[in-house]
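The primary structure of each chain is shown beneath.
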Amino acid sequence: MARSPVLSTYRLQLRGPDGFRLTFADAEKLLDYLGALGITHLYLSPILTATRGSSHGYDVTDPTTVSAELGGIQGFRGLSAEARARGMGLIVDIVPNHVGVEVPAQNPWWWDVLRHGPASRYARFFDIDWELGAGRIVLPMLESEQDLAGLTRDGDTLVLGGLVLPIAPGTTSGSAAEMLERQHYRLVDWRSGACGYRRFLTINSLAALRQEDEQVFALTHREVARWFTEGLVDGVRIDHLDGLADPAGYLRRLRELIGPDAWIVVEKNLAADEALEPSLPVAGTTGYDALRLIGGVFIDPDGAPALTTLAAPSAVGPLPELRAAAASGLSNDMHRLLRCIRAAAGCDHARLAEALAAVLGRIGVYRCDYLTTEPALSDAMAQTATAAPELATPLAIISTAVAAGGEAAVRLQQLAVTVVAGAVEGRLFHRDARLVSLNEFGGDPLRFGCSTAEFHTALAGREHRWPHAMTTVSTHDTLRGEDVRARIGVLSQVPGRWADAVARWESRVPPPDAATGLFLWQNIFGVWPADGSVTGALRTRLHTYARKAVREAGRRSCWQNPDLAFEEAVGDWLDAVLDGSVAGEITELVARLQSHAQSDALGQKLLALTVPGVPDVYQGTECWDDSLTDPDNRRPVDFAARRAALVEARHPKMRIVRAGLQLRRDRPDTFLGGGYRPLLAAGPAADHVVAFQRGDDVAVAVTRWTVRLGETGWRDTEMALSGGQWTDRLTGRRWADAAPTAALFAELPVVLLERT
């Protein structure tokens, strides 16, 4: 069966917090709504068997089976058949980098390795550091070493509270403690930093797989291959590509396995000036790079000085220092890499660890072994040598080991991923309080938005090189939902008003820490209800978010050693904000800026639907969404309300999403390869317009910086349209030649024009 072109996707979270689960049968019931909305492909979160009760599905425990909790392979076939009958297709998120090991008994491969050690047929499947544990796997699963006093035997297993582990054959004599000493694993405190296997970043419950091994690849992709053989799916999203030993090699094998026509997009965090390796056999990334551009063009650069001054107490210092600190904190992974370097170079140095941390601190990209990023490593070496000439000898040892290729080179790249993620998406994004809407995957808080010149240049390049890459403004990983970011972004237009408000509020409700307070104020403002009604659910969500934020920031608390007293003080401060007189002022400010926030939210949504690429609508974001980071952004969606909004056709965001998606479906050639051409407005308010043309039959224009626009007005600004008559899909109004922007945007802050 020929696959239909992927024109748009709708991301559906099949698992969520508090045991929420959406089965394949449930998803089938949404297809009529999604089809009416204009979606061509349903995009599913991971569907393989995961830890029972998983809230996300990325903790796969059996990569060879479709989850029975979701409906199994038969349920999946039914969903696919129903989608096909409606002219729609399926995209599935797959997780090649790791599997879930939090509950060992639920992962048969991991269980077998724990039981039989190096002799297990699955031992080669995992990246295990046997040397660390002197031939045993170090398992960081204890709350404290004292927990071992409660160890008991139950048949052929050892039990410690809720933890159940296998007993190796022939080791059942003696007490439980004596038996433990004879196992192929050793239990340690999870806070110790010791871990006997490579993980997903620093998450102990997710053990990495060795996809570079052909047997591992074949077995973990057997079920995926069947989906394509049976014609059940049209494409896949690859989770955490850069964690693999050989990302490019993996993608080549995957492409050969699932065919030349399958749509493949990869989760990859590109630095602001980093290009995706053009030789990769994929359609592109999952869209973090586009997210930065789409959100950034609404940020008013005039707000940078005042917000920078206000955020001074939260200054984070140079990024290299932040990354170096993150590297030094990864003692287990660092020690393993250092052993590889010493072995490859055949020598050692007393300052080798210091030099390695310094180099990692200067690598500003996830990986520097793609052709496009190879200079990053040599630049990092050169910068380190310049800054610290005394490290010349250990730097030479590192470069010698890496130049030889092999394990040292691979582990350096994999560790760089963890370092950059921990330093940037972890610490920087939860510390920098200048404008937190910039602190997002694919973003760079040190770059205050983007100009229209950068926007158009980047998107024209995207149309040329990656026209079928995914475009998004919200995902299951984004740190704030798109509408929350849009509202916070408006603060760039009113920096003085915001600074005055924060000063007043802090004089009455001083936060326990200045930097933490500055960071949280913007997030509180971003999700504050317009009517000022703070529900118990919102209170709980904000408390959960604040605790996660202060731990990720690592300034006053952290995950390994949380400062519970400080976290309690933050919680008390948060309650004082929610319940005190400050709450009324926040409501007043939100009400004053709400129309501007919604204008930007509508503008960025229309851009996401129409710029080069394949737009993904994250579940529920066709209407207003106030999500913060996960698990908040994986909450169940009220689809009944959205069905009603689609029928009523009055909700402005729903109108825009439906119009954009249906136009893409009506004019596929325009959006799949029709070109991209910037359009310029003329007149005194021209800077308030971002516009472009797709092909010769679609034009898009959105307004921005509406606070200042409300003060000055459009005056005689105009938008020039190429010859012929144009009809706005949103309002039905018609235009020709030059359209006055005051009339063009009279009903909505955006227009979606098609040549008629």
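Residues numbered from 1 in each chain as written. Predicted model: local features only at pLDDT ≥ 70, side-chain atom pairs only at ≥ 80, totals over all residues. Heavy atoms only, no water.

In the nomenclature of an unreviewed UniProt entry, the protein is known as Maltooligosyl trehalose synthase of Mycolicibacter longobardus.

> So what about the overall build of the protein? Which residues, and what values?
Assigned secondary structure in the protein consists of 28 helices and 25 strands. A compact globule built from 756 residues should have a C-alpha radius of gyration of about 27 Å, and the protein, at 27 Å, falls within 12% of that. If one aligns the C-alpha atoms of the protein with their principal axes, the spans along those axes are about 85 × 65 × 50 Å. When each of the 756 residues of the protein is scored for burial, the buried share is 60%. Considering only residue pairs separated by 6 or more positions, the protein has 74% of its internal contacts joining residues 24 or more positions apart. Total accessible area on the protein is roughly 27,000 Å²; 52% of this is exposed by carbon and sulfur atoms. Counting 77 positive and 92 negative side-chain charges, the protein places the centres of these two groups 2 Å from one another. (Helix = DSSP H or I, 4+ residues; strand = E, 2+ residues; numbered from the N terminus. Rg over C-alpha atoms; globule rule 2.2 N^0.38 Å. Buried < 20%, exposed > 50% of the residue type's maximum accessible area, 1.4 Å probe, protein only. Contact = heavy atoms within 4.5 Å. Areas by Shrake-Rupley, 256 points an atom, 1.4 Å probe, with all protein chains shown as cover. Lys, Arg positive; Asp, Glu negative; His and termini not counted. Charge placed at Lys NZ, Arg CZ, Asp CG, Glu CD.)

> I'd like a description of the sheet that holds strand β9 (residues 157-160), backed by residues and values.
Ordered in space as β8-β9-β10, the 3 strands form an open sheet in which the pairing is antiparallel. The sheet is open, and its two borders are formed by β8 (152-154) and β10 (163-166), each paired with just one other strand. Direction aside, neighbouring strands of the sheet carry axes that sit 35° apart on average. When β9 meets β10, the two strands line up antiparallel, connected through 4 bridges. Note that in β10 the partner of threonine 157 across the bridge is proline 166. Together, β9 and β10 form the strand contacts of helix α4 (residues 108-116), whose direction differs from that of β10 by roughly 60°. (Pairing = 2+ DSSP bridges. Axes fitted to C-alpha atoms, helices over the stretch in contact; angles between N-to-C directions.)

> Summarise the side chain of arginine 411; cite the residues concerned and give the values.
Tracing the sequence through the fold places arginine 411 in helix α16 (residues 406-427). Sequence-distant contacts of arginine 411, defined by excluding residues within four places in its chain, comprise Asp127, Arg198, Arg336, Leu337 and Cys340.

> Outline the pattern of salt bridges, listing residues and values.
One pass over the structure, following the stated rule, counts 57 salt bridges. Note that arginine 210 and glutamate 212 form a salt bridge whose closest N and O atoms lie 3.5 Å from each other. Residue classification places glutamate 212 among the partly exposed residues on the basis of a relative accessible area of 34%. Note that arginine 729 and aspartate 666 form a salt bridge whose closest N and O atoms lie 2.6 Å from each other. With arginine 729 in the loop between β23 (718-728) and β24 (734-740) and aspartate 666 in helix α25 (residues 652-666), the pair connects residues that are 63 residues apart, well separated along the chain. On the basis of relative accessible area, arginine 729 is assigned to the partly exposed category, the value being 26%. Among the charged side chains, a network of salt bridges with common partners joins Asp127, Asp129, Glu131, Arg198, Arg336, Arg339, Glu407 and Arg411. (Salt bridge = Lys/Arg side-chain N within 4 Å of Asp/Glu carboxyl O.)

> Quick one: what's the story with the nonpolar core, residue by residue and with numbers?
Formed by 92 residues in total, the largest nonpolar core has its most connected members in Phe76, Trp227 and Phe455. By residue number, the principal contributor to this core is α25, which donates 6 residues. Counting contributing residues, this core receives three or more from each of domain 1 (9-97 + 211-267) and domain 5 (679-755). Met334, Val365, Ala388 and Leu391 belong to the second largest nonpolar core, which has 48 residues in total. (Core = buried A, V, L, I, M, F, W, Y, C linked by side-chain atoms within 4.5 Å. Domains from an automatic or database assignment.)

> Account for empty space enclosed by the protein, with residues named and values stated.
One pass over the structure, following the stated rule, counts 7 cavities of 30 Å³ or more. Space inside the largest cavity adds up to approximately 270 Å³. Lining the largest cavity we find 21 residues, and of these Arg292, Gly295, Gly296, Ser437 and Leu438 sit closest to its centre. Counting only elements with at least two residues in the lining of the largest cavity, the list comes to α9 (288-296), α18 (482-489) and α23 (582-610). (1 Å grid on protein atoms, 1.4 Å probe; cavity = no way out; pocket = protein on both sides within 12 Å on 5 of 7 lines; lining within 4 Å. Points joined across faces, edges and corners; volume = space filled by probe spheres on them.)

> Go over the side chain of glutamine 594, please, and point to the residues and values.
Secondary-structure assignment places glutamine 594 in helix α23. In terms of polar contacts, glutamine 594 uses its side chain to reach the side chain of arginine 487, at 3.2 Å. Residue contacts for glutamine 594: discarding those within four places in its chain leaves Arg487 and Ala530. (Polar contact = N/O pair within 3.5 Å; in protein donor to acceptor, adjacent residues only side chain to side chain.)

> Outline the state of the cysteines, supporting the account with residue identities and numerical values.
Under the counting rule described, the total for this entry stands at 0 disulfides. Note on cysteine 340: no disulfide assigned, nearest cysteine sulfur contributed by cysteine 347 at a separation of 14 Å. (Disulfide = S-S within 2.5 Å.)

> Please give an account of the packing of α9 against helix α17 (residues 452-465) that cites residues and values.
Contact geometry for α9 and α17: axes closest at 10 Å, N-to-C directions at 150°. For the element pair α9 / α17, the angle class is roughly antiparallel. α9 and α17 meet at a crossing whose hand is left-handed. Taken together, the residues of α17 that come into contact with α9 (itself represented by Asp289, Ala290, Arg292, Leu293 and Ile294) are Glu454, Phe455, Ala458, Leu459 and Arg462. (Parallel < 35°, antiparallel > 145°, perpendicular 65-115°, else oblique. Left-handed = near helix turned anticlockwise from the far one by under 90°.)

> Tell me about the packing of aromatic side chains, and name the residues and values.
Tallying each qualifying case throughout the model produces 17 aromatic pairs. Look at tyrosine 10 and phenylalanine 639: their rings are 6.4 Å apart centre to centre, the planes differ by 50°, and that puts the pair in the tilted class. Here phenylalanine 639 lies in helix α24 (residues 639-648) and tyrosine 10 lies in strand β1 (residues 9-12), a separation of 629 residues in the sequence. Judged by its relative accessible area of 0%, tyrosine 10 falls in the buried class. Of the residues examined, phenylalanine 639 reaches a relative accessible area of 11% and is grouped as buried. Where tryptophan 505 meets tryptophan 521, the ring centres are 5.2 Å apart and the plane angle is 45°; that geometry is what we call tilted. Of this pair, tryptophan 505 sits in helix α19 (residues 495-508) while tryptophan 521 sits in helix α20 (residues 514-527), placing them 16 residues apart in sequence. Of the two residues, tryptophan 505 and tryptophan 521, neither departs from the other in class, the shared state being buried. (Phe/Tyr/Trp six-rings, centres within 6.5 Å; stacked < 30°, edge-to-face > 60°.)

> Just give me the short version of α18, but keep the residues and values in it.
With 8 of its 8 residues buried, α18 lies for the most part within the structure. Regarding α18, the residues found buried are Glu482, Asp483, Val484, Arg485, Ala486, Arg487, Ile488 and Gly489.

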